[in-house]
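Structure at a glance
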Amino acid sequence: MKTDNHIEQEIAKTLGSLDDVSAVKVKPYFYTRLSAKMQVKDSQSARLWNWSLAAMTVVILVNVISLLSLWPSVEDTGDAIDLMATEYSLTQTDIYNTTLE
Amino acid sequence: MTDELLVSKIIEGDQDAFKQLVEMHQDKIYSICLGYIRNEEDAEDLAQEVFMKVFRSIKKFNAESALSTWVYRIAVNKSLEQLRRNKTNKRFGFLSSIFGNENAFEKQLNHFEHPGVKLENKERANILLKHMEKLPEKQRTVFQLHKVDNMSYQEISQVLHTSLSSVESLMFRAKKNLQKSLRQFYENDKS
């Protein structure tokens, strides 16, 4: 059975157990592995950038094509105005021609 | 070569200068990462992440402190980030433990033996390392940088961007908390 004094000794020894830790070293060729990883990351980010650029171009193209195909032409606009004028009997603006009696 | 010259060469794209910086600090950075992560492979991955961050942000180095201090600060911050991520995973790891799989982070903490500790101290050091887990982040960082990475209080204060008295106070509280925690451990062991 441990006494309180013994416990205090245990605590002191445990707290001091990291006092003479020797320096740890990385495994050999750390820089080689690091530079390989950096190259992989660079090529991945370049690939990601290319894909984003391609996706953005496609989105812009689709928008431009849709805009061009749905944009009413000048002739179409004219037809629509004529049609509306006929429908609402706006073809003659003879109000100015009538004379006051 | 001075810090300024080394930094300017790295900014210019000199690979040899970067290699020199890596070789100067790789062991210390690995040691810092290992102290937090407690797995040799993960610590090496993290050390690589640290150097990648150093390479990407070398332009931000303003020579207010030594280059080594700046690099160590990045290592401490990266390690703490990783530790928080691991703890979050640990919180959600209870699901896997229901199905009988021990959480990976928990497993590496339980089976880790620091390679720098002498054989006769291994058992005690493992107990201490486990109890260090319970310390608040700042106390743990100060205790670890001083005890495991052999940094002086002055160096720690520069790395953590804090005052010397603050480091001393954190170290004092860390020791007190560890004593309390170890006393409970040994008393339970006694009964």
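Residues numbered from 1 in each chain as written. Chains lettered and ligands numbered in written order. Predicted model: local features only at pLDDT ≥ 70, side-chain atom pairs only at ≥ 80, totals over all residues.

1. Some details on the overall build of chain B
- A tally of helices and strands in chain B yields 10 helices and 0 strands.
- For chain B, the residues scored as buried account for 34% of the 191 residues in total.
- A fraction of 56% describes how many contacts in chain B between residues 6 or more apart in sequence connect residues 24 or more apart. (Helix = DSSP H or I, 4+ residues; strand = E, 2+ residues; numbered from the N terminus. Buried ≥ 20, exposed ≤ 12 C-beta atoms within 10 Å, placed from the backbone. Contact = placed C-beta atoms within 7 Å.)

2. A closer look at the interface of chain B and chain A
- Contacts between the two partners involve 33 residues from chain B, matched on the other side by 25 residues from chain A.
- At the level of elements, helix 2 (15–37), helix 3 (40–56), helix 7 (122–132) and helix 10 (164–190) of chain B are the ones that each hand at least two residues to the side of chain B that touches chain A.
- Here the side of chain B that touches chain A is composed, by residue class, of 15 nonpolar, 7 polar and 11 charged. (Nonpolar A, V, L, I, M, F, W, Y, C, P; charged D, E, K, R; others polar.)

3. Here we look at the confidence of the model for chain B
- Counting all residues, the mean pLDDT for chain B is 89, and 88% of those residues have values of 70 or more.
- Reported confidences for the modelled complex are a pTM of 0.77 and an ipTM of 0.81. (pLDDT = per-residue confidence, 0-100.)

4. Digging into unusual backbone geometry
- Of note in the backbone geometry, B:Asn150 takes a positive phi value of approximately 55° without being a glycine.
- Inspection of the secondary structure assignment puts B:Asn150 in the loop between helix 8 (137–147) and helix 9 (153–159).

5. Section: the environment of A:Trp49
Residue and element names in this part refer to chain A.
- Looking at where Trp49 falls in the secondary structure, it is placed in helix 2 (residues 30–70).
- Since 10 C-beta atoms lie within 10 Å of it, Trp49 is described here as exposed.
- Separated by 33 residues in sequence, Trp49 and Gly16 place their C-alpha atoms 52 Å apart.

6. Comments concerning the nonpolar core
Residue and element names in this part refer to chain B.
- If you look at the biggest cluster of nonpolar residues, it comprises 47 residues, and the most contacted ones within it are Ile29, Cys33, Ala47, Val50 and Ala75.
- Residue contributions to this core reach at least three from each of two domains, namely domain 1 (1–112) and domain 2 (117–191).
- If near-sequence neighbours (up to four positions away) are discounted, Ile29 is found in contact with Ala47, Val50, Val71 and Ala75. (Core = buried A, V, L, I, M, F, W, Y, C linked by C-beta atoms within 7 Å. Domains from an automatic or database assignment.)

7. Some thoughts on the confidence of the model for chain A
- For chain A, per-residue confidence averages 83 on the pLDDT scale, and residues scoring 70 or more make up 80% of the total.
- Within chain A, the element-level pLDDT minimum falls on helix 3 (residues 74–87) of chain A, averaging 73, and the maximum on helix 2 of chain A, averaging 91.

8. Considerations on the packing of helix 1 (residues 4–15) of chain A against helix 7 of chain B
- Interhelical geometry of helix 1 of chain A versus helix 7 of chain B gives an angle of 85° and a closest axis separation of 8 Å. Viewed along their axes, helix 1 of chain A and helix 7 of chain B adopt a mutual orientation that is roughly perpendicular. Residues A:Lys13, A:Thr14 and A:Leu15 of helix 1 of chain A lie in contact with helix 7 of chain B, whose contacting residues are B:Arg124, B:Ile127 and B:Leu128.
- Among the residues making up the contact of helix 1 of chain A with helix 7 of chain B, the classes are represented as 3 nonpolar, 1 polar and 2 charged. (Axes fitted to C-alpha atoms, helices over the stretch in contact; angles between N-to-C directions. Parallel < 35°, antiparallel > 145°, perpendicular 65-115°, else oblique.)

9. A closer look at the domain arrangement of chain B
All names here are of chain B.
- Assigned domains of chain B: these are domain 1 (1–112) and domain 2 (117–191).
- Counting residues per element, the ones that place at least two in the side of domain 1 that touches domain 2 are helix 2 and helix 4 (67–92).
- With 5 residues, helix 4 is the largest single contributor of residues to the side of domain 1 that touches domain 2.
- Taken together, the residues of the side of domain 1 that touches domain 2 sort by class into 5 nonpolar, 4 polar and 2 charged.

10. Brief notes about helix 2 of chain A
- Here helix 2 of chain A is 41 residues long and its end C-alpha atoms lie 60 Å apart, about the 60 Å a rise of 1.5 Å per residue gives.
- Counting buried positions along helix 2 of chain A gives 2 out of 41 residues, so the element sits mostly on the surface. (Expected span 1.5 Å × (residues − 1).)

11. Quick look at the packing of helix 2 of chain A against helix 3 of chain B
- Helix 3 of chain B packs onto helix 2 of chain A with a crossing angle of 65° between their chain directions and a minimal axis gap of 10 Å. Handedness of the crossing formed by helix 2 of chain A with helix 3 of chain B: right-handed. Residues A:Arg33, A:Leu34, A:Lys37, A:Met38 and A:Lys41 of helix 2 of chain A form the contact with helix 3 of chain B, whose participating residues are B:Gln48, B:Phe51 and B:Met52.
- Broken down by class, the residue content of the contact of helix 2 of chain A with helix 3 of chain B amounts to 4 nonpolar, 1 polar and 3 charged. (Left-handed = near helix turned anticlockwise from the far one by under 90°.)

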